[in-house]
Amino acid sequence: MDAFEPARGPTAVADALTRSGAFLECVFSCPSCGLAGTSLSRPGALEAKACLACGEPVVLTVLDRFPRR
Ligand SMILES: [Zn+2]
């Protein structure tokens, strides 16, 4: 039965948030220290994103919804 879709914890929650438009999933990378990863951000907060490690501005790429496979 493929009608049953198991919950996938944080991913399912993030998916719901991005679908609602409240949050966008972003890939960030820091040119200063090399830290990189993904995060969820409110659209209005994207321009003020700073590196968690060194505090320098990070480069953000917004993912346009999650790819569905
Ligand atoms: Zn950094």
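Residues numbered from 1 in each chain as written. Predicted model: local features only at pLDDT ≥ 70, side-chain atom pairs only at ≥ 80, totals over all residues. Heavy atoms only, no water.

**With respect to the overall build of the protein chain**
For the protein chain, the helix and strand inventory stands at 1 helix and 3 strands. Sequence-ordered secondary structure for the protein chain, helices as α and strands as β, is α-β-β-β. Within the protein chain, the fraction of its 69 residues that count as buried is 19%. Of all intrachain contacts in the protein chain linking residues separated by at least 6 positions in sequence, the fraction that spans at least 24 positions is 41%. If you sum the accessible surface of the protein chain, you get close to 5100 Å²; carbon and sulfur atoms cover 57% of it. (Helix = DSSP H or I, 4+ residues; strand = E, 2+ residues; numbered from the N terminus. Buried < 20%, exposed > 50% of the residue type's maximum accessible area, 1.4 Å probe, protein only. Contact = heavy atoms within 4.5 Å. Areas by Shrake-Rupley, 256 points an atom, 1.4 Å probe, with all protein chains shown as cover.)

**Concerning the pairing of strand 1 (residues 24-29)**
Relative to strand 2 (residues 36-41), strand 1 runs antiparallel, the two sharing 6 bridges. Its bridge partner lying in strand 2, Glu-25 is registered against Leu-40. Connecting strand 1 to the antiparallel partner strand 2 that follows it, the hairpin turn spans 6 residues, and Gly-34 within it adopts a positive phi of roughly 90°. Both strand 1 and strand 3 (residues 59-63) contribute to a ladder of 5 bridges, which runs antiparallel. Bridge pairing in strand 3 places Ser-29 opposite Val-59. (Pairing = 2+ DSSP bridges.)

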